[in-house]
Protein chains: 2
Amino acid sequence: MTFTPHTLDRDRDIELDREVDVPPELVWKAWTTPELLKQWFAPKPYETPECEIDLRPGGIFRTVMRSPEGDDFDGAGCYLEVIPNERLVWTAALGPGYRPRAGDMPFTAILELQRTGSGGTHYRAIAMHQNPEESKQHAEMGFIEGWGAALDQLVALVKRP
Amino acid sequence: MTFTPHTLDRDRDIELDREVDVPPELVWKAWTTPELLKQWFAPKPYETPECEIDLRPGGIFRTVMRSPEGDDFDGAGCYLEVIPNERLVWTAALGPGYRPRAGDMPFTAILELQRTGSGGTHYRAIAMHQNPEESKQHAEMGFIEGWGAALDQLVALVKRP
């Protein structure tokens, strides 16, 4: 492991912490390949018709999520740290090239992957908020449940023969 | 030069572009050493009584600027890119550890240093804003004049025997 795991701030962070039985390399690939990400990123019945990835600090990470009613949610943030197969950090508070961007409740997300003894992945996804109110609001919107359902979709996708 | 110079967005960026007759290493030291930065960072008669620097991506960059009337302006952002003697990027839109932070008109700043033929420094300081309105407002507050006066103070400081 080449990174220091994030120390959780229980008031301002939301965390999904799970073990999955697919290796870190496949989880990483699913997170960083647009054609794969579009297949799992939005918890069904939402869809992800568009995804743009420039995998370097300051590079764009953009997704469009579409509701069953056809409403699109377009978000363009940027990556901050990229350690292949281990750690990915991005934020919605900055756009490509680190330009500040307006937006409701911007959060910074951290994805941490560690190989388990059985060859699976200890998977941590953390959303950092600026204050406890926004963290609570995000939690009540079903953030963890949504990320958990998406992770199930990711695992099913990379296991497909 | 190990970086790609920033392409200016004339609507949303403000730029100070100058040559100074001190080498990049001394400019870098003045920007990254709290005891030095406190001596030049605020254009006089403003002062910088406090400065905190953790020089790595995600590390804190905090300054307190004090007006002649004794009002303090406390700002804590974080670094995004650190290429010694060449390029420094930080933002006020994220605090230490990349946590989003509230604040009026957050900007991201880029400092680019290139050695000139005569051993001085081609000095670029750029402030990136989310929209033309905030960029204009910052410019009208005297941003460039302030950064220029501070640069004069930096040069005088590092030349001092």
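Residues numbered from 1 in each chain as written. Chains lettered and ligands numbered in written order. Predicted model: local features only at pLDDT ≥ 70, side-chain atom pairs only at ≥ 80, totals over all residues.

Each partner contributes to the interface: chain B provides 18 residues, whereas chain A provides 18 residues. Residue composition of the side of chain B that touches chain A, by class: 11 nonpolar, 4 polar and 3 charged. (Contact = placed C-beta atoms within 7 Å. Nonpolar A, V, L, I, M, F, W, Y, C, P; charged D, E, K, R; others polar.)

All right, on to the pairing of strand S6 (residues 108-115) of chain B then. All names here are of chain B. Of the strand pairs in this sheet, strand S5 (residues 87-91) and S6 are connected by 5 bridges, and their pairing is antiparallel. Bridge pairing links Trp90 to Ala109 in S6. In this sheet, strand S7 (residues 121-128) lies alongside S6 in antiparallel orientation, the contact comprising 8 bridges. Each bridged residue has a counterpart across the sheet, and for Thr108 the counterpart in S7 is Met128. (Pairing = 2+ DSSP bridges. Helix = DSSP H or I, 4+ residues; strand = E, 2+ residues; numbered from the N terminus.)

This paragraph deals with the packing of helix H1 (residues 24-32) of chain A against helix H4 (residues 143-159) of chain A. Residues and elements named next belong to chain A. Interhelical geometry of H1 versus H4 gives an angle of 110° and a closest axis separation of 10 Å. The pairing of H1 with H4 is recorded here as roughly perpendicular in orientation. Each of Leu26, Val27 and Ala30 in H1 lies in contact with H4, whose residues at this interface are Leu154, Leu157 and Val158. Here the contact of H1 with H4 is composed, by residue class, of 6 nonpolar, no polar and no charged. (Axes fitted to C-alpha atoms, helices over the stretch in contact; angles between N-to-C directions. Parallel < 35°, antiparallel > 145°, perpendicular 65-115°, else oblique.)

Now for the environment of A:Met105. Residue and element names in this part refer to chain A. The topology assignment puts Met105 in the loop between strand S5 (87-91) and strand S6 (108-115). For Met105, a count of 17 C-beta atoms within 10 Å corresponds to the partly exposed category. Note: C-alpha distance between Met105 and His122 (17 residues apart in sequence) is 28 Å. In this structure Met105 touches His129, Glu134, Gln137 and His138, once residues within four positions along its chain are discounted. (Buried ≥ 20, exposed ≤ 12 C-beta atoms within 10 Å, placed from the backbone.)

With that settled, the discussion passes to the relation of the copies chain B and chain A. Superposition of chain B onto chain A requires a rotation of 180° combined with a translation of 0.0 Å along the rotation axis, giving an RMSD of 0.0 Å. Between the two chains, the operation in question is that of a two-fold axis. It is B:Ala93 whose C-alpha, among those of chain B, lies nearest the rotation axis, at 3.3 Å. Taken as a fraction of all interface residues of chain B, those also at the interface in chain A reach 100%, which identifies the copy contact as same-surface. (Least-squares fit on C-alpha atoms with pLDDT ≥ 70 in both.)

All names here are of chain B. Spatially, 7 strands are ordered S1-S7-S6-S5-S4-S3-S2 in an open sheet, and the strand pairing comes out antiparallel. Where the open sheet ends on each side, the last strands, each with one partner, are strand S1 (13-20) and strand S2 (47-53). Taking each pair of neighbouring strands and ignoring which way they run, the sheet shows an average axis angle of 20°.

Time to look at the nonpolar core. The biggest cluster of nonpolar side chains holds 60 residues, and the ones touching the most others in it are A:Trp90, B:Val89 and B:Trp90. Dropping the residues within four chain positions of it, B:Trp90 is found in contact with B:Phe61, B:Gly77, B:Cys78, B:Tyr79, B:Leu80 and B:Ala109. (Core = buried A, V, L, I, M, F, W, Y, C linked by C-beta atoms within 7 Å.)

What follows deals with the confidence of the model for chain A. Chain-level pLDDT for chain A is 96 on average; 100% of the residues reach the 70-or-more range. For this predicted complex, the interface confidence reaches an ipTM of 0.91, while the overall pTM sits at 0.93. (pLDDT = per-residue confidence, 0-100.)

Residues and elements named next belong to chain A. As summarised here, the arrangement of the 7 strands in space is S1-S7-S6-S5-S4-S3-S2, forming an open sheet in which the pairing is antiparallel. Each edge of the open sheet is held by one strand with a lone partner, namely strand S1 (13-20) and strand S2 (47-53). Strand-to-strand, the axes of this sheet are offset by a mean angle of 20°, without reference to chain direction. Pairing analysis gives 8 bridges linking S1 to strand S7 (residues 121-128), with the strands arranged antiparallel. Opposite Glu19, over in S7, you have His122 as the bridge partner. In the packing of H1 onto the sheet, contacts are made with S2, S5, S6 and S7, and the angle to S6 comes to roughly 155°. The strands touched by H4 are S1 and S7; relative to S1, the strand with the most contacts, the crossing angle is about 25°.

What follows deals with the environment of A:Gly117. Residue and element names in this part refer to chain A. Take Gly117: it is sitting in the loop between S6 and S7. Its 6 C-beta neighbours within 10 Å are what place Gly117 among the exposed residues. Remark: the alpha-carbon pair of Gly117 and Ala149, spanning 32 residues in sequence, is separated by 24 Å.

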